[in-house]
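What follows is each chain in one-letter form.
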There are 2 protein chains.
Amino acid sequence: MGVVTTAKYIAPELLAAFGEQFPGIEFSMTVSNRGDIIRRIQDSEDDLYIMGQVPTDEVEVEATPFAWNPLTVMVQRGHPLTLLKKPVPLHAIAETSFLIREAGSGTRNAYLRLFSEKGLKLNVAMELSSNEAIKHAVASGLGISILSIHSLALEGTKGPVEILEVEDFPILRKWYLVHPRGKILSLTAQKFMEFTISQEQFITDRLVNLWPDLANYL
Amino acid sequence: MGVVTTAKYIAPELLAAFGEQFPGIEFSMTVSNRGDIIRRIQDSEDDLYIMGQVPTDEVEVEATPFAWNPLTVMVQRGHPLTLLKKPVPLHAIAETSFLIREAGSGTRNAYLRLFSEKGLKLNVAMELSSNEAIKHAVASGLGISILSIHSLALEGTKGPVEILEVEDFPILRKWYLVHPRGKILSLTAQKFMEFTISQEQFITDRLVNLWPDLANYL
């Protein structure tokens, strides 16, 4: 299975839970950014893909949404922006040193689209090619950024990185199970799709548990 | 600057601290696995690299060690292995379902070498292409693995993943600042090297703070 980089936060849990229901199945999972995943789909390298944005121009696919993947503004705990009246206006985000994901990242595409629609331009301080590098850089005070709430699954929202309430956020995205159109899925891949779709409410509950404000937006 | 995937835990903090001393300097940082970093060195794409294992066969480089990067066995909190007498024997690790990094990972090379020297073979359950996918899979109970202690920097050692005391562990590695032999470094890169080397004790203290047992091995 190929998963976009952000999906690495959710795919292992799904595989673990699936493996408990269907013991003896072996998996492998490759984590790449959106650009690489699209190449893997074109080459038909994996059974299934988990992506945050369905590719439409590059390759013909079937896509099934299955869980929320909300993007929020992440800042160092106690960052000056946290002192502003909530929700913080979008232009204040655009004016603050920003840590951007590399070209080819679906997360990056999603927030660049929002800022461009609002006629705003991000003040990019550094480009980093992984969510964790961004998280560590936010925690170190190098700048702020926008990440999936799933990226805080292990450390929670009380750690060195906090979620800021910002105008026009969260960006509500979904995860999609994707496969090349017309490809006949293995029985295992079909079962995994059914299982994953059945986990939607469970995943939503966990996200709301991580960041209770999310319930106001769903 | 190019950094191997595991170095993304340390490089942002170094850049942040360096940027405070020398304001106005702009950076970019690319995170790749060992194989890709070696290609980037060959193509001279970056000023400096941070790696956990100096490439010797593939490319001529100069390398300066600067901080500890200990690898430890990571298990789901409360895993049956935690009930064994400590240190857990190495063969017990080899017999447990193991989550392995992809080929090309320096971390993977380091632990495969240890097990092969001891005449043991890992029981590989799944191959995952990022430290975070591994961490989430360990936390989900898909298996155990071996990761740099630095990978727990944000969530700490009291979270869903715990460090297991195992015979022949930690594998004590160092981080190296690497650049192509003979390449004239920019003034900024030279300053960053000096600064990074000066941070060694600080980084060691932070690791010991994260996992106090480490002090017994240094």
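The rules we used
- Residues numbered from 1 in each chain as written.
- Chains lettered and ligands numbered in written order.
- Predicted model: local features only at pLDDT ≥ 70, side-chain atom pairs only at ≥ 80, totals over all residues.
- Heavy atoms only, no water.
- Contact = heavy atoms within 4.5 Å.
- Buried area = accessible area lost by both parts, 1.4 Å probe.
- Salt bridge = Lys/Arg side-chain N within 4 Å of Asp/Glu carboxyl O.
- Polar contact = N/O pair within 3.5 Å; in protein donor to acceptor, adjacent residues only side chain to side chain.
- Helix = DSSP H or I, 4+ residues; strand = E, 2+ residues; numbered from the N terminus.
- Expected span 1.5 Å × (residues − 1).
- Domains from an automatic or database assignment.
- Nonpolar A, V, L, I, M, F, W, Y, C, P; charged D, E, K, R; others polar.
- 1 Å grid on protein atoms, 1.4 Å probe; cavity = no way out; pocket = protein on both sides within 12 Å on 5 of 7 lines; lining within 4 Å.
- Points joined across faces, edges and corners; volume = space filled by probe spheres on them.
- Phe/Tyr/Trp six-rings, centres within 6.5 Å; stacked < 30°, edge-to-face > 60°.
- Buried < 20%, exposed > 50% of the residue type's maximum accessible area, 1.4 Å probe, protein only.
- Pairing = 2+ DSSP bridges.
- Least-squares fit on C-alpha atoms with pLDDT ≥ 70 in both.
- Axes fitted to C-alpha atoms, helices over the stretch in contact; angles between N-to-C directions.
- Parallel < 35°, antiparallel > 145°, perpendicular 65-115°, else oblique.
- Left-handed = near helix turned anticlockwise from the far one by under 90°.

Right, let's get into the interface of chain B and chain A. Chain B puts 29 residues into the contact, and the matching count from chain A is 29 residues. The contact between chain B and chain A buries some 2500 Å² in all, and 68% of this surface belongs to carbon and sulfur atoms. Between Lys-8 of chain B and Glu-132 of chain A there is a salt bridge, with its nearest N and O atoms 3.9 Å apart. Across the contact surface, chain B and chain A share 7 residue pairs in polar contact (both at pLDDT 80 or more). Taken together, the elements giving at least two residues each to the side of chain B that touches chain A come down to α1 (11–21), β2 (30–32), β6 (123–128) and α5 (131–139) of chain B. Ranked by residue count, the leading element in the side of chain B that touches chain A is α5 of chain B, at 6 residues.

All names here are of chain B. The end-to-end C-alpha separation of helix α4 (residues 106–117) is 17 Å, in line with the 16 Å expected for 12 residues at 1.5 Å each. Capping of α4 at its N-terminal end is provided by Ser-105; its side-chain oxygen lies 3.3 Å from the backbone amide nitrogen of Thr-107. Following α4 by one or two positions, Gly-119 adopts a phi angle in the positive range, close to 70°.

Attention shifts here to the domain arrangement of chain A. Residue and element names in this part refer to chain A. With domains assigned, chain A is organised as domain 1 (2–68 + 173–216) and domain 2 (71–164). Facing 17 residues of domain 1, the contacting portion of domain 2 comprises 23 residues. One can count 1 salt bridge joining domain 1 with domain 2. In this structure, the connection of domain 1 to domain 2 is made through 7 residue pairs in polar contact (both at pLDDT 80 or more). When residues of the side of domain 1 that touches domain 2 are traced back to their parent elements, those giving at least two are α2 (34–42), β9 (171–180) and α7 (200–210). A per-element tally of the side of domain 1 that touches domain 2 places α7 first, with 3 residues. A per-class count over the side of domain 1 that touches domain 2 returns 9 nonpolar, 5 polar and 3 charged.

Quantified by volume, the largest pocket comes out at close to 650 Å³. Lining the largest pocket are 30 residues; nearest its centre among them are Asp-36 and Ser-129 of chain A together with Val-31, Ser-32 and Asp-36 of chain B. Within the lining of the largest pocket, the residues separate by chemical class into 5 nonpolar, 15 polar and 10 charged. Counted as a void, the second largest pocket has a volume near 390 Å³.

Let's shift gears to the packing of aromatic side chains. Each aromatic ring pair is summarised here by two numbers: the centre-to-centre distance and the angle between the ring planes. Residue and element names in this part refer to chain A. A full pass over the atoms with the stated rule returns 10 aromatic pairs over all chains. Centre to centre, the rings of Phe-18 and Phe-192 are 5.2 Å apart; their planes meet at 80°, and the pair counts as edge-to-face. Taken as a pair, Phe-18 in helix α1 (residues 11–21) and Phe-192 in helix α6 (residues 187–198) lie far apart in primary sequence, 174 residues in all. Like Phe-192, Phe-18 is buried. Considering the side-chain rings of Trp-211 and Tyr-217, the 6.2 Å spacing of their centres and the 10° angle between planes classify their relative orientation as stacked.

What follows covers the pairing of β9 of chain A. All names here are of chain A. The element β9 is extensively covered by neighbouring structure, given that 8 of its 10 residues are classed as buried. Taken together, the 3 bridges between strand β3 (residues 49–51) and β9 define a ladder with antiparallel strand orientation. Note that in β9 the partner of Met-51 across the bridge is Tyr-176. For strand β4 (residues 61–76) and β9, the ladder comprises 10 bridges, and the chain directions are antiparallel. Following the sheet pairing, Leu-71 is matched in β9 by Ile-171.

On to the relation of the copies chain B and chain A. For these two chains of identical sequence, chain B goes onto chain A by a turn of 180° and a shift of 0.0 Å along the axis, with RMSD 0.0 Å. In the structure described here, the two chain copies are related by an operation that fits a two-fold rotation axis. Scanning chain B for the C-alpha nearest the rotation axis identifies Glu-155 of chain B, at a separation of 2.2 Å. Of the interface residues in chain B, 100% have counterparts in chain A that sit at the interface too, so the contact is made through matching surfaces.

Time to look at the packing of α1 of chain B against helix α6 (residues 187–198) of chain B. Residue and element names in this part refer to chain B. Interhelical geometry of α1 versus α6 gives an angle of 110° and a closest axis separation of 10 Å. Considering the angle they form, α1 stands roughly perpendicular to α6. As α1 runs across α6, the sense of the crossing is right-handed. In this structure, α1 uses Leu-14, Leu-15, Ala-17, Phe-18 and Gln-21 to contact α6, whose residues at the interface are Thr-188, Lys-191, Phe-192, Phe-195 and Thr-196.

In this section: the pattern of salt bridges. Counted under the stated rule, the structure contains 24 salt bridges over all chains. Each of Lys-8 and Glu-132 of chain A together with Lys-8 and Glu-132 of chain B takes part in a single network of salt bridges with overlapping partners.

Once that is clear, we can look at unusual backbone geometry. Looking along the chain, the bond that leaves Phe-169 of chain A and enters Pro-170 of chain A is cis, with omega of 0°. Structurally, the position occupied by Pro-170 of chain A is in the loop between β8 (161–164) and β9. At the junction of Lys-86 of chain B and Pro-87 of chain B, the peptide bond is cis and its omega measures out at -10° in the coordinates. Residue placement: Pro-87 of chain B occurs in the loop between β4 (61–76) and α3 (90–95). Although it is not a glycine, Asp-168 of chain A adopts a positive phi angle of roughly 70°. Tracing the sequence through the fold places Asp-168 of chain A in the loop between β8 and β9.

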